[in-house]
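Descriptive structure summary
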Amino acid sequence: MERPAAPSLPDAVRGHWAERWAPSRLKPYLRLARIERPIGWWLLLLPCWWSAALAALHAGRPWPDPLHCVLFLIGAVAMRGAGCTYNDIVDRDLDTKVERTRQRPLPSGQVTLRGALAFLALQGLVGLIALLQFNGFAIATGFASLGVVALYPFMKRFFWMPQIVLGLAFAWGALMGWAAAFGSLSVAPVLLYLGSIAWVVGYDTIYALQDIEDDEVVGIKSSARFFGEQVKQGVGICYALTVIFITLALVQASAGAISFAGLALFALHLGWQVARIDRGDGAGALRLFRSNRDAGLILFAAITLDCLI
């Protein structure tokens, strides 16, 4: 049976409704899904919205399909939670050895393995229901991501850049918005996908700075450890590739000046992050990581405004 819930984790949003108002028995499961840390589903959602907006722009529509955007929101929350639950099931033994993760629901005993598996299935069902509302090509595209998602938790044990595999999974939405709109893919969403992968590798390298000392002790590999003292340069290269590929995607989609102005603001935000990176400041790394939601919303708003005008 589940043990009493432990306090929320250090990187949870303070005063989040899941901690303040949710029933005590549900809190460990909400923590398992990282509900009190909404930045994860935001970062999964944003490439979906970028892609939906890019598709609308290319098709000459006044805005991204609202229903698609809502379905992507539901799917992002559900599948990010399912991904975190799956990751914690795989990593439950490793998590006991890392200071920041040993209080997670599974390693701390707040949730049993059986309970976590049932919760994983429930979240997957919600994500499946959302996915089945799209056309057949988009459904198939969504299912194709599952292999990468299943692979990711194991990569940190032997691959020095597991963030690349995370990027392949987390950036998948860059394909989905276009697939949902057209029932096919083209060069523009593929370029957007490549840019989104580079973005994920960059911001997750910043996130990994919080765990760099524990990861060295336990032997977990990460891009933060791989870049070492050159982490600023490493993230800078990732972000430069992000801007280059998204620029090419906008060109392919016949974007206007407003989209490129938004991309310029997005690029400035990424540059600001690189300038502020401090390898020894875990709290600062978390703040920079979270700021990517705002960067992503700037780009989405610009492409959407370009559609309207």
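All of the points below concern the structure found in this document. Positions within a chain are numbered from 1, following the residues in the order the chain's sequence is written. For this predicted model, a pLDDT threshold of at least 70 governs which residues receive local features, and a threshold of 80 or more governs which side-chain atom pairs are given and counted, while totals over whole chains, interfaces and linings are taken from all residues. Calculated side-chain values reflect all of the structure's heavy atoms, with hydrogen atoms and water omitted.

**Focus on the overall build of the protein**
Quick reminder of the rule: Helix and strand assignments follow DSSP, with helices taken as H or I runs no shorter than four residues and strands as E runs no shorter than two, numbered in order from the N terminus. Note on method: radius of gyration uses C-alpha positions; expected globular size equals 2.2 Å times residues raised to 0.38. For each residue, the accessible area found with a 1.4 Å probe, counting protein chains only, is set against the maximum for its type, and the residue is called buried under 20%, exposed over 50%, and partly exposed in between.
From N to C terminus, the protein includes 17 helices and zero strands. In terms of overall dimensions, the protein is globule-like: its C-alpha atoms have a radius of gyration of 19 Å, near the 19 Å expected for 309 residues. Overall, the C-alpha framework of the protein stretches about 55 × 45 × 35 Å when taken along its three principal axes. Taken across its 309 residues, the protein has 56% of its residues classed as buried.

**Some thoughts on the packing of helix α11 (residues 187-208) against helix α14 (residues 231-252)**
Basically, it comes down to this: Where helices are involved, their axes are fitted lines through C-alpha atoms of the stretch in contact, as for all axes, and angles between N-to-C directions lie from 0 to 180°. Roughly parallel here means an angle under 35 degrees, roughly antiparallel means over 145, roughly perpendicular means 65 to 115, and every remaining angle is called oblique. It is the rotation of the near helix from the far one that decides the hand of a crossing: anticlockwise by less than a right angle makes it left-handed, clockwise makes it right-handed. The residue classification treats Ala, Val, Leu, Ile, Met, Phe, Trp, Tyr, Cys and Pro as nonpolar and Asp, Glu, Lys and Arg as charged. All others, Gly included, are polar.
Close contact between α11 and α14 brings their axes to 8 Å; oriented N to C, the two are set at 160°. It follows that α11 is roughly antiparallel to α14 by the angle criterion. Here the hand of the crossing between α11 and α14 comes out left-handed. Looking at the contact of α11 with α14 residue by residue, the class counts come to 19 nonpolar, five polar and no charged.

**Thoughts on the packing of helix α9 (residues 162-170) against α11**
The axes of two packed helices give the description: the angle between them and the distance between them. Convention followed: Residues count as neighbours in contact if any of their non-hydrogen atoms are within 4.5 Å of one another.
Interaxial distance between α9 and α11 falls to 8 Å at its minimum, and their mutual angle equals 130°. In terms of orientation, α9 and α11 fall into the oblique class. Viewed along their axes, α9 and α11 form a crossing whose handedness is right-handed. Between α9 and α11, the contacting residues are Gln163, Ile164, Leu166, Gly167, Leu168 and Phe170 on the first element and Tyr193, Ile197, Val200, Val201, Tyr203, Asp204, Thr205 and Ala208 on the second. Class assignment for the residues of the contact of α9 with α11 results in 10 nonpolar, three polar and one charged.

**So, the environment of Phe158**
Topologically, Phe158 is positioned in the loop between α8 (146-155) and α9. In the structure, Phe158 is positioned 63 residues away from Lys221 in sequence and 6.9 Å away in space, judged by C-alpha atoms.

**Some words on unusual backbone geometry**
Residue Arg34 is not a glycine yet carries a positive backbone phi of 60°. With respect to the helices and strands, Arg34 occurs in the loop between α2 (27-32) and α3 (39-59). We classify Arg34 as buried; its relative accessible area is 5%. For Ser254, which is not glycine, the phi torsion reads 60° and is therefore positive. On the secondary structure map, Ser254 appears in the loop between α14 and α15 (257-276). Among the residues examined, Ser254 registers a relative accessible area of 59% and is labelled exposed.

**Some points on the side chain of Gln123**
Stated formally: Two N or O atoms form a polar contact when they lie within 3.5 Å of each other; inside protein one atom must be a possible hydrogen donor and the other a possible acceptor, and for residues adjacent in sequence the pair counts only when both atoms belong to side chains.
Among the structural elements, Gln123 can be located in helix α6 (residues 113-131). Within the structure, Gln123 has its side chain in polar contact with the backbone nitrogen of Ala82 (distance 3.2 Å). The contact partners of Gln123, leaving out residues within four places of it in the chain, are Ala33, Ala78, Met79, Gly81, Ala82 and Thr85.

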